[in-house]
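# Reading the structure
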2 protein chains.
Amino acid sequence: MKILVLGGDGYLGWPTALHLSEHGHEVAVADNFARRHYDDELGVESLVPIEPLRARIAVWKELTGSRIGCYIGDLTDALFTYRMIGDFRPDAVVHFAEQRAAPYSMIDRGHAVYTQHNNVLGTLNLLYAIAEIDPSVHLVKLGTMGEYGTPNIDIEEGWLDIEHNGRRDRVMYPKRPGSFYHLSKVHDTHNIEFACRIWDLRATDLNQGVVYGQQTPETSRDERLATRFDYDAVFGTVLNRFVIQAVIGHPLTVYGSGGQTRGLIDIRDTVRCIQIACENPANRGEFRVFNQMTESMSVREIADTVARAFPGDVTIENLENPRVEAPEHYYNVRHTKLVELGLEPHLLSDTLIESLFEITKRYAHRVRPEALRPTVNWRTPASG
Amino acid sequence: MKILVLGGDGYLGWPTALHLSEHGHEVAVADNFARRHYDDELGVESLVPIEPLRARIAVWKELTGSRIGCYIGDLTDALFTYRMIGDFRPDAVVHFAEQRAAPYSMIDRGHAVYTQHNNVLGTLNLLYAIAEIDPSVHLVKLGTMGEYGTPNIDIEEGWLDIEHNGRRDRVMYPKRPGSFYHLSKVHDTHNIEFACRIWDLRATDLNQGVVYGQQTPETSRDERLATRFDYDAVFGTVLNRFVIQAVIGHPLTVYGSGGQTRGLIDIRDTVRCIQIACENPANRGEFRVFNQMTESMSVREIADTVARAFPGDVTIENLENPRVEAPEHYYNVRHTKLVELGLEPHLLSDTLIESLFEITKRYAHRVRPEALRPTVNWRTPASG
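Summary of the structure given here.

Criteria and cut-off values
- Residue positions are given per chain, counting from 1 as you read along its sequence in written order.
- Lettering for chains starts from A, numbering for ligands starts from 1, and both go in the order in which the items are written.
- Confidence filtering applies because this is a predicted model: local features only for residues at pLDDT of at least 70, side-chain atom pairs given and counted only at 80 or more, and all residues used for totals across whole chains, interfaces and linings.
- Strands here mean DSSP runs of E at least two residues long; helices mean DSSP runs of H or I at least four residues long; both are numbered from the N terminus.
- We take the radius of gyration over the C-alpha atoms and set the globule estimate at 2.2 Å times the residue count to the 0.38 power.
- Contact definition: two residues whose C-beta atoms, as placed from backbone geometry, lie within 7 Å.
- Think of a nonpolar core as buried Ala, Val, Leu, Ile, Met, Phe, Trp, Tyr and Cys residues chained together by C-beta atoms that fall within 7 Å.
- Residue burial here comes from a neighbour count, namely the number of other C-beta atoms, placed from the backbone, that lie within 10 Å of the residue's own C-beta, with 20 or more meaning buried, 12 or fewer meaning exposed, and in between meaning partly exposed.
- Here, axes are lines fitted to C-alpha atoms. For helices the fit covers the stretch in contact, and angles between N-to-C directions go from 0 to 180 degrees.
- Each angle receives one of four descriptions, namely roughly parallel if under 35 degrees, roughly antiparallel if over 145, roughly perpendicular if within 65 to 115, and oblique otherwise.
- Two helices crossing with the near one rotated counterclockwise from the far one by less than a right angle form a left-handed crossing, whereas a clockwise rotation gives a right-handed crossing.
- Residue classes follow a fixed rule: Ala, Val, Leu, Ile, Met, Phe, Trp, Tyr, Cys and Pro count as nonpolar, while Asp, Glu, Lys and Arg count as charged, and any other residue, Gly among them, counts as polar.
- Note: two strands are recorded as paired if DSSP finds a minimum of 2 bridges between them.
- The least-squares superposition of copies is restricted to C-alpha atoms, and to residues with a pLDDT of at least 70 in both copies.
- Helix span, expected: 1.5 Å multiplied by one less than the number of residues in the helix.

### Regarding the overall build of chain A
Along the backbone of chain A there are twelve helices and 14 strands. What you see for chain A is a C-alpha radius of gyration of 20 Å, in line with the 21 Å of a compact globule of 384 residues. Referenced to the eigenvectors of the C-alpha coordinate spread, the extents of chain A come out at roughly 65 × 55 × 45 Å. In chain A, once contacts between residues fewer than 6 apart in sequence are set aside, the share between residues at least 24 apart is 84%.

Here is the structure:
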């Protein structure tokens, strides 16, 4: 099928585009290079050097003969969005094209407004473009497990069957997220559900856990196909950051006591989940939610796991938690729908972590250690 | 106390400002005149002529000796918002400054994006300004009963105590609203609840029903103090629109069978509810929700009530419903918190409706009948 990957230059968008191309789909990517601009702004780069988008598309063509189309533009530019959908005429649109870091959204007012503007209004343009041009397009949208927050009840997949005062209904699962970024995803969820209801669109919302790992079978074919590997306190996801800290002899920075629990997923499972969602589309009018994670661990357990796997001394440092979140909480998540459709999860293993140690050692000279420590505090509202 | 009324030039913002001033508060209003611009855009005006904002502020001063401060600007302009909060230093901010019409938000892509941009990002700037300048400010925010949609269970006041798989929690009441406008209020709700949680702000979210009526004790003192009275299919609320249709001999335009049910409130109760909320502030860190409505009626019942009260012939015309909504549904809303704080509701009566007939007759020559019929259709996504 024809699949358009929005945010196709990013950490997960790029490996997803390759994976879909490898599995016989006709793929195009779109990007506005916002993620590369954040690097300039924050003064930090991917640990692993990445090629320009067009260069890596050319490498993929050279190695496999498969062509990946390329659109450069911004979803908040409605005309660009309409023209892209009208030109490529996808069967499915995979939507990674959002600002994805909670700390980035909490830097100050300007970054909070930017995040909600970019994510919510860009997606709104996309919904209109699909509805007007071809309402049969399947939207595969990246949400986040962080949308749910940490309720004291089991987390279901997007919807909740409830009984209240003797009556029953199936409702949108109540959300109470922990940053203006996570809130932007909640806003998207509500907008997309409504679009499915009024325009008979079809959408799959993938509430993804924290992704770890850096290589997929496709990206590891050639170092010029590498995807980003972020280690900084703003964009680095927790496990990846701990691996890098271990390698460079920096303490693993656990926020608070580390009792806060996260859903996790291996990058190889991410690309497979997207493939599964595309190849098994939602029905017309259906707003479907999958929890895209394979296991849960507390931050402390993640740190201990990395420390155990590392062949050398590792210290763990408990920093005051810059986020506002429950230090210990119930966390029981249903995540069966992707498995029912064929996902065979890679659970976190020492082998995976060891491979990350190798990558990290090779590029350790590129680490700016000061970028590992959190500078964004949830409790301090700042203008700007 | 010092109270800043945002959107103080609008249908409800203006009578609220007068009511608060009358009851001894030091009031300032802020407006960007967006509502007057929508009139220009849509080619329709308030049935009752309204004075320029500064002129009616001068009339109020002349009649009562009370001064109302005035800020002209836009909440999406962060610098304006910060300067206004820093200059006036309110105890409470009453926030009416949002695009408030569901049909307006559904005109096309541009109006949907405008509505969510204006409402959500303006409110985000306001939250930052309060958090940075004075986190003790009580935010009194206008939400809408439309945020809830029409669940098959009782509608509670913002929060829901649930039991699921043997565990309990108090969660945000699940929302499933029916337009991009209503969605913007849901997004606000989530953003404000988060701001209360991380910055210890205090907020009251007033989920208001459909307001009817045009006069309050304060606005009726002088015709130059009149507030807007909208009758068009975009901005006219349902009961007000039916009254005007009855007077000019136009059929009452019921969408579908009219089985859809709305929460209603008299404009005199609206201004009193705002006063009650301001004078009984939420606690620091508290996100409090009141359902600001006093009774429920189906659209068919509202039409029948207007027809019964009108001294002459009235016909009712059932149009194809331009909205996507359940034609018949369960609707049982808890709305006790404002009553517990002292609200004495005015229920819909023939007297009220008769007073509206009088106002309407006086200005019936200003009606553009073609503006009474719906032109915005929920099912048709349009660019623009």
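### Section: the nonpolar core
For soluble globular proteins, the rule of thumb is that nonpolar side chains tend to be buried together. Of all hydrophobic cores here, the largest spans 236 residues; its most connected members are A:Val94, A:Ile130, B:Val94 and B:Ile130. Those residues within four positions of B:Ile130 in sequence are excluded, and the remaining contacts are B:Ile85, B:Val93, B:Pro135, B:Val137, B:Leu139 and B:Leu201.

### What to know about unusual backbone geometry
Residues and elements named next belong to chain B. In this structure, phenylalanine 33 is a non-glycine residue whose phi angle is positive, near 65°. By the secondary structure assignment, phenylalanine 33 is in the loop between β2 (26–31) and α2 (34–42). We classify phenylalanine 33 as partly exposed; it has 14 C-beta atoms within 10 Å. Notably, arginine 89 is not glycine yet its phi reads approximately 50°, a positive angle.

### A closer look at the packing of helix α1 (residues 13–22) of chain A against helix α9 (residues 267–279) of chain A
Residues and elements named next belong to chain A. Two elements in contact, α1 and α9, have axes whose closest approach is 9 Å; the angle formed by their N-to-C orientations is 55°. Judged by the inter-axis angle, α1 sits oblique to α9. Seen along the crossing, α1 lies across α9 with a hand that is right-handed. Along its contact with α1, which presents Pro15, Thr16, His19 and Leu20, the element α9 presents Ile267, Val271, Ile274, Gln275 and Cys278. Here the residues of the contact of α1 with α9 sort into six nonpolar, three polar and no charged.

### Looking at the sheet that holds strand β2 (residues 26–31) of chain A
Residue and element names in this part refer to chain A. Reading across the sheet, the seven strands line up as β3-β2-β1-β4-β5-β8-β12 and stay open at both edges, with parallel pairing between neighbours. Each edge of the open sheet carries a strand with a single partner, namely β3 (68–72) and β12 (287–292). When strand polarity is set aside, the average angle formed by the axes of neighbouring strands in this sheet is 20°. Strand direction decides the pairing type here: strand β1 (residues 2–6) and β2, joined by five bridges, are parallel. Each residue of the ladder has a partner; that of leucine 4, found in β2, is alanine 28.

### With respect to the relation of the copies chain B and chain A
In the superposition of chain B on chain A (RMSD 0.0 Å, axial shift 0.0 Å), the rotation amounts to 180°. The two molecules are tied by a two-fold rotation axis, judged by turn and shift. When the interface residues of chain B are mapped onto chain A, 100% of them again fall at the interface, so both copies present the same face.

### Details of the sheet that holds β2(B)
All names here are of chain B. An order of β3-β2-β1-β4-β5-β8-β12 is seen for the seven strands of this open sheet, with the pairing classed as parallel. Looking at which strands have only one partner, the edges of the open sheet turn out to be β3 (68–72) and β12 (287–292). For this sheet, the mean inter-axis angle between neighbouring strands, taken without regard to orientation, is 20°.

### As for the packing of helix α8 (residues 238–247) of chain A against helix α10 (residues 299–309) of chain A
Residues and elements named next belong to chain A. At a minimum axis separation of 10 Å, α8 and α10 run at an interaxial angle of 40°. For α8 against α10, the interelement crossing comes out right-handed. Residues Val238, Leu239, Phe242, Val243 and Ala246 of α8 touch α10, and the partners they reach there are Val299, Ile302, Ala303, Val306 and Ala307.

### Some remarks on the environment of B:His182
All names here are of chain B. In this fold, histidine 182 is placed in helix α7 (residues 180–199). Classification of histidine 182 by C-beta neighbours within 10 Å gives buried; the count is 23. Ignoring any residue separated from it by four or fewer positions in sequence, one finds histidine 182 in contact with Ala102, Thr144, Gly146, Glu147 and Pro177.

### Side note on the interface of chain B and chain A
On the chain A side, the residues contacting the 44 residues of chain B number 44 residues. Going through the elements one at a time, α4 (78–88), α6 (109–133), β6 (159–164), β7 (167–172) and α7 of chain B are the ones with two or more residues in the side of chain B that touches chain A. The greatest single-element share of the side of chain B that touches chain A, amounting to twelve residues, is contributed by α6(B). Residue composition of the side of chain B that touches chain A, by class: 24 nonpolar, ten polar and ten charged.

### Let's talk about α8(A)
Residues and elements named next belong to chain A. The element α8 is largely enclosed, with a buried count of ten among its ten residues. What α8 keeps buried is the set Val238, Leu239, Asn240, Arg241, Phe242, Val243, Ile244, Gln245, Ala246 and Val247. Count one or two residues on from α8 and you reach glycine 249, which has phi positive near 75°.

### Quick word on α9(A)
Residues spaced three or four apart along an α-helix point in a common direction, a consequence of the helix completing one turn every 3.6 residues. Here α9(A) is 13 residues long and its end C-alpha atoms lie 19 Å apart, about the 18 Å a rise of 1.5 Å per residue gives. Burial of α9(A) is extensive: twelve of the 13 residues sit out of reach of the surface.

### Observations regarding the environment of B:Arg379
In this fold, B:Arg379 is placed in the segment after α12 (350–363). Here B:Arg379 falls in the partly exposed class, since 13 other C-beta atoms lie within 10 Å of it. Remark: the alpha-carbon pair of B:Arg379 and B:Pro322, spanning 57 residues in sequence, is separated by 7.5 Å. With residues near it in sequence (within four places) discarded, B:Arg379 still touches A:Ile198 and B:Val324.

### Quick look at the pairing of strand β1 (residues 2–6) of chain B
Residue and element names in this part refer to chain B. Counting buried positions over the five residues of β1 gives four, a clear majority of the element. For β1 and strand β4 (residues 92–95), the ladder comprises four bridges, and the chain directions are parallel. Along β4, the bridge assignment pairs leucine 4 with valine 93.

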